[in-house]
Amino acid sequence: MKRVYGLSIPETLEEVCDPQRVALVVYDMQVGILNQIKNGNQITQQVLKVLTAARAAEVRVFFSRHLSLPKELMGMFQFRVAMAWQRVDSPDQVNPWFLRDTPGFQIVPELAPRPSEGVFDKLTISAFEGTWLDFAFRDCGINAFIIVGIATEIGIEPTARHGADLGYIPVLLTDACGAGNEEAAKRSVESLKFTGDALITDTETICDVLRKRSGLRNA
C-alpha cells in the first residue's frame, strides 16, 4: 500500500478487496437474460461462488436489474435500441422483454438477494447512470467494486469504465461474467486490460482473497 498526501493507494488485489471498502455488483442476473446465453447455468454457479464468499466476508452486495418500460412510456432511443436488439423493422413489433413483475425480469432464484442487500432497476447500460449506486458507494466509503453477471460486452464493460471515471477501482471476474457474443466479450476484456483502470481476475482468486481478508479481520 503506497501512501502520499494522507492517501492510501491500494496496488494489489488483496489491498483493493478490503471488505470494508469494496462492494460486489451482481449485474443483470435475471431469468430473461440468462435464458439468452448458452452457458447460463455455468455463469450462475460462478456468480453464486463469488456471492457466497462476499457474504461470508461481509462485503456489501448490490444487484442490478434491467427494466423495460411499457411501450406507452418508451421514447425514441428506447424504441430504436429495442428494434435493433429484437431485429424487427417497426416499433409496432417491439416487445418489452423486462417489464416489472414479469417472470423474465426477476433475478434467478439461486442468487436471491437478502434483505440486507441492495437491488436497483435501470433503463441504461451502465449500472451507475440514472441509479443510486454511486451515492450508496460514496456514503458507505466504498472505493472499489467487484463485478460479475451478464453481459461482458454489453453492460459490464461500460459499467467498469463508468465506475473508473467516478473514481472507483473495478475488479472484473472473467469466468463469472457471461456473454452473448464471446468474441465481443474478449475484445471488451482486452480493452479494459489495455486501459489499465480495472483489475482482471477470476472466481477462484477473488474467493481466496475474500476468505483471507475475512480471516484477518476476524482475527
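Here the structure is a predicted model, which is why all the values come from computation and not from measurement. (Residues numbered from 1 in each chain as written. Predicted model: local features only at pLDDT ≥ 70, side-chain atom pairs only at ≥ 80, totals over all residues. Heavy atoms only, no water.)

Caption draft 1: Representation of the pattern of salt bridges. With the rule as written, the count across this model stands at 10 salt bridges. In this structure, the salt-bridge partner of Asp121 is Arg65, at a minimum N-O distance of 2.8 Å. With Asp121 in strand S5 (residues 118-122) and Arg65 in strand S4 (residues 60-66), this pair connects stretches of sequence that are 56 residues apart. Taking the relative accessible area as the measure of exposure, Asp121 reaches 21% and is therefore partly exposed. Of the charged contacts, one joins Arg100 and Asp121 as a salt bridge, the two residues approaching to 2.8 Å between their closest N and O atoms. A residue pair is termed long-range when its members are at least 10 positions apart, and Arg100 in the loop between helix H4 (76-86) and S5 and Asp121 in strand S5 qualify at 21 residues. Through salt bridges with shared partners, a single ionic network connects Arg65, Arg100 and Asp121. (Salt bridge = Lys/Arg side-chain N within 4 Å of Asp/Glu carboxyl O. Helix = DSSP H or I, 4+ residues; strand = E, 2+ residues; numbered from the N terminus. Buried < 20%, exposed > 50% of the residue type's maximum accessible area, 1.4 Å probe, protein only.)

Caption draft 2: Highlighting the side chain of Arg65. Judged by relative accessible area, which is 17%, Arg65 ranks as buried. There is a polar contact of 2.8 Å between the side chain of Arg65 and the side chain of Asp121. Look past the residues within four positions of Arg65 in its chain and what remains in contact with it is Asp28, Gln30, Arg100, Phe105, Gln106, Ile107, Val119, Phe120, Asp121 and Lys122. (Polar contact = N/O pair within 3.5 Å; in protein donor to acceptor, adjacent residues only side chain to side chain. Contact = heavy atoms within 4.5 Å.)

Caption draft 3: View of the packing of aromatic side chains. As enumerated under the stated definition, the model contains nine aromatic pairs in all. With centroids separated by 5.3 Å and ring planes inclined at 70°, the aromatic side chains of Phe62 and Phe137 adopt a geometry described as edge-to-face. Of this pair, Phe62 sits in strand S4 while Phe137 sits in helix H5 (residues 133-140), and the two are 75 residues apart along the sequence. Here Phe120 and Trp132 contribute two aromatic rings whose centre-to-centre distance is 5.4 Å and whose plane-to-plane angle is 70°, an arrangement assigned as edge-to-face. (Phe/Tyr/Trp six-rings, centres within 6.5 Å; stacked < 30°, edge-to-face > 60°.)

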